[in-house]
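Breakdown of the fold
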Amino acid sequence: MNAKSKDPERKGYRSLLRAENEAVLANIPLPLEIRVHGRGGQGGVTCAKLCALVYSRLGLFAQTFGDYGMERAGAPVRAYTRIDRNPIKNRNKIYSPGHLLILDPSLLESGAMGGVRPGSLVLLNTPDPLAFFHGAYEEFRFAVVNATQIARKHRIGTSAVVIVNTTFVGAYARVVGLPLESLKETYSSLGLINDFEAAREAYDSVTAGENINPAAVSPMVTSPGSRSSLDVIPLTELTQDLPTPLKTGSWRTQSPRYVTLKSPCNHACPAGNDIVGFVQKLENQDLDAAAEILFGTQPLPSVCGRVCPAPCMAACNRGQYDGAVNIRGLERWIGDHATNYSVTKNMSASSKKVAVAGAGPAGVSAAYTLARAGHQVVIFDNQAKLGGILRNGIPAYRLPEEALDRDLNRLLALGVEHRPHQVITSVELERLAAEFDAVILATGQADSIAPEFPGIDLPGVEQGLTFLNRVKTDGKERIRGTVAVIGGGNTALDCAGTAVRCGAERVMIVYRRGRLEMPAIKEEIEDILLEGVELILYRQPVRIIGTGSVTGLELAEVQLGAPDGSGRRRPVVTKKLSRIACDHVLIAIGQRPNMGILPSGWLVRNQRVHYDEQPVNIWLAGDLTTGDGTVAHAIGNGRRIANEALSFLEERASCSMELSSSVPEVVTADGMRFSCFTTKKAHQDRRLDVASRIEGFSEVNLGLPIENESQRCLSCGNCAHCDTCLIYCPEGIITRLNQDYFINLDYCKGCGVCVWECPRHAMEMSPQG
Amino acid sequence: MITGNHAAAMAAAMAGRANRSGRGFCSGVYPITPSTECMEFLCLQDIEKGHVVKVESEHSAMAVCVGASAAGARTFTTTGGNGLIYMSENVTVAAYLRLPVVMVVGNRAIGPPWNIWTDHSDSLTLRDSGWVQIYCWNNQEVFDAVLMAFRIAEDHRTLLPVMVCQEGFVLSHTMTLTEIAYQAQVDKFLPPLQLPHRLATTPRALGTFDTSHMIEAHREQHHAAMGMVWSAYREAQADFERIFGRHPPDPVVTYRTDDAQLALVSMGTIAETANQVVDDLRGRGLKVGSIRVCMFRPFPFDALKQAFAGIPRIAVIDRDISLGFGGALWGEARGLAEPGAIVQNFVTGLGGGDVRPEHIEEMVTEALGLTTSGPPVFIGVGE
């Protein structure tokens, strides 16, 4: 079949179709020109195509094409459709459309109305009702539909970019009188039948103005596209970028913004230290600024920098890349080296008198917080020197006296008064409550737990803390024979290490679970093994053997059962028994608080003493109530309770914000772009060689050789001013002034590249408007 | 006694030194026969404030020139044949950014099949790239044309890149006596480059988006700048002659055409052969003349039309072929002849084919016998 014989047949088919639809076509002015205005992503070009296809189904000739901008989603897009009874030969753009379809109301202000003749149909997608436009566009057949709402309801597109075209064409069909059936057929042929219900809803909900007033002139109508006579600067005269007249910011559906999220280390620190803050200051070579931040929460950096189990390091995102940052080492660096830094004190507050009972970490932390706030603080303690468990319970090879004193001297420099040898009794407590404006009770877990098995009273059996205290106070003592330490925490390790240094021939640690379950600091376990201590695991002592003095321990084998509340598997003691020979037994299975000092009738709620249902001026801090068992926890709790007392003293509302659980989002390793960082191994602490260690009580861990470990901090969730956002912004509209970035929202299209590229999750996209 | 390649490199180096009180000299280079010796020679030069950057391709070589030129340096490179074709994207960039880069093209046939010898098809492929094109006929002209090229490229009325074309081997590798200038003379002829749109302290983007109306205006401005080449060239010729004592050729040079009944039109070294043939044939009583087109872009319509005046037969010799059309020179020149004149195209010397006097005599004989002009005729094919 050649073209000649085919043509009349096609023509015949079209005229047949036209004849069938003559009633519909009678109302449509032909030739017809339709112009569609939309934004990239709304489907404007397809909208024009759908119109063309519907008319084509009625037997008319149609032409349709898009007029794309140079940009992406959100950019103004135009599309054109021509309809006629005869084949269409004009390929120009449409300057004076008979039907004007506007998919986005904001386009009204950017020339969409250009060239539209009075009497033309203007159909607008808008959330506003027809009445909103009263008095405007009176010279047109003006109609409105909320196609976005309908399309969103039918889930066409995404919640951010709703595709309105198929819905909108339903409204168009109604206002021009196109049969819904033709629409349905068209949608079916294009595989868009799922959108048809939305179109039908728009068909039903479109509203049009009644009368046309040809004499009215709408303010936004501009003349048809005139030939541009703009001057174009020669490239040879161009010496700077021209500001683009196109405010691309109007295309944005989401905005980037800078955020400060919680780093996992800060989140994990029981003391509430701003770790990212002080490490970044160290990275900037500003030791005093780092100290300023650290001392904001932490009175004992030289202590914590030595004995903290460092949950921050366990949480460090870098741990999932090339090893956690040695945060403990950096904290110690500040404690040991920021000797020029003096802690500041608020001098303006009206001074109140506060008593702190107990000179352990919680008491010290509370006293520090209150003294810095400008109050008179007196610490009452039953020992000769400040420090509590830190001084008596931690051997010098882990925490030298001078390190502890360095921290405590800062406290005394704040004017805190220390009253030693004061035994706190309930009578004394009542006296303090009457004499002082507030009392913080932080006597810790003063009572060592004694196991209840036979032989506990035999000579040679001793509480570990008693042993540690004696050695520390009286100096090195000579131990002969074999020492068995019962327990798996740091105190057990300290007992074992001290026994080794005292000359014990053999030292064993007996623990009822496995090595991984031991609550002691992992590095300390490594150390103690190097020093020759043996671990006897999965064994529960059931009896101390001996007549007159200890000769051995009877142990029962332990199997691990289901996990307990702490997540550790519960030890199940079996009847399989064995024995070990030993000459000394040190008990280190924990302590408990002595609550007997509280006068009768005193009740504790939320760490505050209540009497007769009323809160009184006494708070409990630290291990006495929490039993968390680490210095860092005690410091954190001491400060928080001190702040509670402060708000009482200063007659402010409770500052429970710090206690609140609504913390910002924590940045996990998934949120980091590790590919932006080069791998760098963590700097290890220097350690004394084993032979030198066991000769005496010299400090084992000698700390970091240099503070440049701070370079490894990724500053998770905290802007490090790396300029990545600025460099990657495809629009070049991010600028920086000193430490602040500015995004020019006039031009930001919300592409999200800056957020995607941010190495440390310090930016995020947020919904627009 | 130096080759065309060395003449070009010496001129480029002297031009580079002449910008030592300005923003210096830069050249991005990549070797290709027949231009390799030019870039090698340049690499050995010690140029104050000069950098010859060896890169991995011709495309990058021109990219170096584009960047350096935008930063205000005097820039030069050399290539030919497929090297030029590979470079071509950035060749257009230099032009459309209006950067005064100078490039010596060692004209070489385009492969495959591979051929290292000369014809004009490489540079003529880029006749529409917005560059000025000068075609040389001897080593002296190569040296002089490079200096002239910098002068007209950097003229504020033009600001256009310039291609200096020398036929591969025929000029590039042929040693002849060539007068080299003193640096002081070159300094005088080429003042430091002041690029008005150079990248300075204000950061900005080069080559951003042009809308339709902007690109139309920019093309119109570029075309107008091409029109300014004539006056810039004339003034440069006068200065050149004053300083160096030699007169660079006009864009169109005629030879014994006054009473000619037939003119041979050609570019490059073929014109020298054509002039010999003219002398021979004049000796035998034939009134023939020769016209050399020295500048192909901008195309010297007026000068060529004037040269054609009164000549009834014109034989246009092309060392190139626009396939499916004919010679490029013939295509541009044929409309400029007297009404009724016969303009016949002869295509010859492709891929280094030796164009000898007898070939040109053959063209004359053929052209004189025509009653009307026909399709292009290939001469010397398969010899």
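Residues numbered from 1 in each chain as written. Chains lettered and ligands numbered in written order. Predicted model: local features only at pLDDT ≥ 70, side-chain atom pairs only at ≥ 80, totals over all residues.

**Some points on the overall build of chain A**
Scanning chain A from N- to C-terminus turns up 24 helices and 30 strands. Contacts in chain A between residues far apart in sequence, at least 24 positions, make up 72% of those at least 6 positions apart. (Helix = DSSP H or I, 4+ residues; strand = E, 2+ residues; numbered from the N terminus. Contact = placed C-beta atoms within 7 Å.)

**Things to note about the overall build of chain B**
Helix and strand counts for chain B come out as 13 helices and 13 strands. Split into buried and exposed, the 383 residues of chain B put 55% on the buried side. Pairs at least 24 residues apart make up 81% of the contacts formed inside chain B by residues separated by at least 6 positions. (Buried ≥ 20, exposed ≤ 12 C-beta atoms within 10 Å, placed from the backbone.)

**Quick look at the interface of chain B and chain A**
Across the boundary between the two partners, chain B contributes 15 residues, which contact 12 residues of chain A. Classifying every residue of the side of chain B that touches chain A by side-chain character gives eight nonpolar, five polar and two charged. (Nonpolar A, V, L, I, M, F, W, Y, C, P; charged D, E, K, R; others polar.)

**Comments concerning the nonpolar core**
All names here are of chain B. Judged by nonpolar contacts, the single largest core of 127 residues is most densely connected at Ile-134, Val-146, Ala-149, Val-162, Val-164, Val-265 and Ala-315. For this core, the leading source of residues is helix α6 (residues 139-154), giving 10 residues. Sequence-distant contacts of Val-146, defined by excluding residues within four places in its chain, comprise Ala-8, Ala-11, Ala-12, Ala-15, Val-102, Val-104 and Val-164. (Core = buried A, V, L, I, M, F, W, Y, C linked by C-beta atoms within 7 Å.)

**Considering the sheet that holds strand β11 (residues 313-318) of chain B**
Pairing between the strands of a sheet is mediated by backbone hydrogen bonds and can be parallel or antiparallel. Residue and element names in this part refer to chain B. In space, the six strands of this open sheet follow the order β7-β9-β8-β11-β12-β13, with mixed pairing throughout. Whereas interior strands pair on both sides, the edge strands pair on one side only; in this sheet they are β7 (252-255) and β13 (377-378). The pairing of strand β12 (residues 342-347) with β13 spans two bridges and is parallel. Within the sheet, the bridge partner assigned to Val-347 lies in β13 and is Phe-378. Along the sheet, helix α10 (residues 270-283) contacts β7, β8 (262-266), β9 (288-293) and β11; its crossing angle with β9, the most-contacted strand, is approximately 170°. Packing against the sheet, helix α11 (residues 301-308) makes contact with β7, β9 and β11, and its axis sits at approximately 15° to β7. (Pairing = 2+ DSSP bridges. Axes fitted to C-alpha atoms, helices over the stretch in contact; angles between N-to-C directions.)

**What about the confidence of the model for chain B?**
Model confidence for chain B is summarised by a mean pLDDT of 96, while 100% of its residues fall at 70 or above. Interface scoring of the predicted complex returns ipTM 0.83; its pTM is 0.63. (pLDDT = per-residue confidence, 0-100.)

**Thoughts on the sheet that holds strand β23 (residues 602-605) of chain A**
All names here are of chain A. Read across the sheet, seven strands follow the order β11-β10-β9-β12-β25-β24-β23 without closing on themselves; strand pairing throughout is mixed. Each edge of the open sheet carries a strand with a single partner, namely β11 (417-419) and β23. Adjacent strand axes in the sheet meet at a mean angle of 30° when their direction is disregarded. The pairing of strand β12 (residues 438-441) with strand β25 (residues 614-620) spans three bridges and is classified as parallel. Its bridge partner being in β25, Leu-441 is matched across the sheet by Leu-620. Along the sheet, helix α14 (residues 361-372) contacts β9 (353-357), β10 (376-380) and β12; its crossing angle with β10, the most-contacted strand, is approximately 165°.

**Observations concerning the confidence of the model for chain A**
Overall, the prediction assigns chain A a mean pLDDT of 89, with 93% of residues at 70 or greater. This stretch, residues 1-6 of chain A, has a pLDDT under 50; its non-local contacts, to residues over four places away or in other chains, come to one contact.

**As for the packing of α14(A) against helix α21 (residues 631-649) of chain A**
A pair of packed helices can be characterised by two numbers: the angle between their axes and the separation between those axes. All names here are of chain A. One way to put it is that α14 packs onto α21 with a least axis distance of 7 Å and a crossing angle of 40°. What the angle tells us is that α14 and α21 run oblique. Relative to α21, the crossing made by α14 is right-handed. Residues Pro-361, Ala-362, Gly-363, Ser-365, Ala-366, Thr-369 and Leu-370 of α14 lie in contact with α21, whose contacting residues are Val-631, Ala-634, Ile-635, Asn-637, Gly-638, Arg-639, Ile-641, Ala-642, Asn-643, Ala-645 and Leu-646. Split by residue class, the contact of α14 with α21 holds 11 nonpolar, six polar and one charged. (Parallel < 35°, antiparallel > 145°, perpendicular 65-115°, else oblique. Left-handed = near helix turned anticlockwise from the far one by under 90°.)

**Digging into the environment of Arg74(B)**
Residues and elements named next belong to chain B. Turning to its location among the elements, Arg-74 is positioned in strand β3 (residues 74-79). Under the C-beta neighbour-count criterion, Arg-74 is labelled buried, with 32 such atoms within 10 Å. Considered as a pair, Arg-74 and Cys-26 are 48 residues apart in the sequence and their alpha carbons are 6.2 Å apart. Those residues within four positions of Arg-74 in sequence are excluded, and the remaining contacts are Ala-15, Gly-16, Asn-19, Phe-25, Phe-150 and Leu-193.

**Some remarks on the environment of Val343(B)**
Residues and elements named next belong to chain B. As for its position among the elements, Val-343 is in strand β12. When the C-alpha positions of Val-343 and Thr-372 are compared, they lie 8.3 Å apart, and in sequence the two are 29 residues distant. Those residues in contact with Val-343 that sit more than four places away from it in its chain are Ile-314, Val-316, Arg-334, Ala-337 and Ser-373.

**Observations concerning unusual backbone geometry**
Note that the residue after Pro112(B), namely Pro113(B), is joined by a cis bond; omega there is -10°. Cis geometry is adopted by the peptide bond preceding Pro298(B), which originates at Arg297(B) and carries an omega value of -10°. For Tyr137(A), which is not a glycine, the phi torsion comes out positive at approximately 60°. For Tyr137(A), the position within the fold is in the loop between β5 (121-125) and β6 (141-145). Phi at Lys49(B) is positive, roughly 55°, even though this residue is not glycine. Turning to its location among the elements, Lys49(B) is positioned in the loop between α2 (36-43) and β2 (50-54). Residue Lys49(B) is classed as partly exposed on the basis of its 16 C-beta neighbours within 10 Å.

**With respect to the packing of α6(B) against helix α9 (residues 229-244) of chain B**
Residue and element names in this part refer to chain B. Orientation of α6 relative to α9, taken along the N-to-C sense of each, is 130°, at an axis distance of 10 Å. Relative to α9, the element α6 lies oblique. For the pair α6 and α9, the sense of crossing is right-handed. Of α9, the residues touching α6 (which contributes Asp-144, Met-148, Arg-151 and Ile-152) are Val-229, Ala-232, Tyr-233, Ala-236 and Phe-240. Of the residues contributing to the contact of α6 with α9, the split by class is seven nonpolar, no polar and two charged.

**So, the environment of Thr236(A)**
Structurally, the position occupied by Thr236(A) is in the loop between β7 (207-208) and β8 (254-258). Exposure remark for Thr236(A): the 22 C-beta atoms within 10 Å place this residue in the buried category. Those residues in contact with Thr236(A) that lie beyond four places of it in its chain are Arg98(B), Leu159(B), Pro196(B) and His197(B).

**Remarks on the pairing of strand β1 (residues 32-39) of chain A**
All names here are of chain A. Within β1, seven of the eight residues are buried, leaving the element largely enclosed by the surrounding structure. The sheet contact formed by β1 and strand β3 (residues 76-84) spans eight bridges and is antiparallel. Across the sheet, Arg-39 pairs through a bridge with Pro-76, a residue of β3. As defined by bridge partners, β1 adjoins strand β4 (residues 99-102) across four bridges and the pair is classed as parallel. Note that in β4 the partner of Ile-34 across the bridge is His-99.

**Description of helix α13 (residues 327-337) of chain A**
With nine of 11 residues buried, α13(A) lies mostly within the body of the structure. All of the buried residues along α13(A) are Ile327(A), Arg328(A), Gly329(A), Leu330(A), Glu331(A), Arg332(A), Trp333(A), Ile334(A) and Gly335(A).

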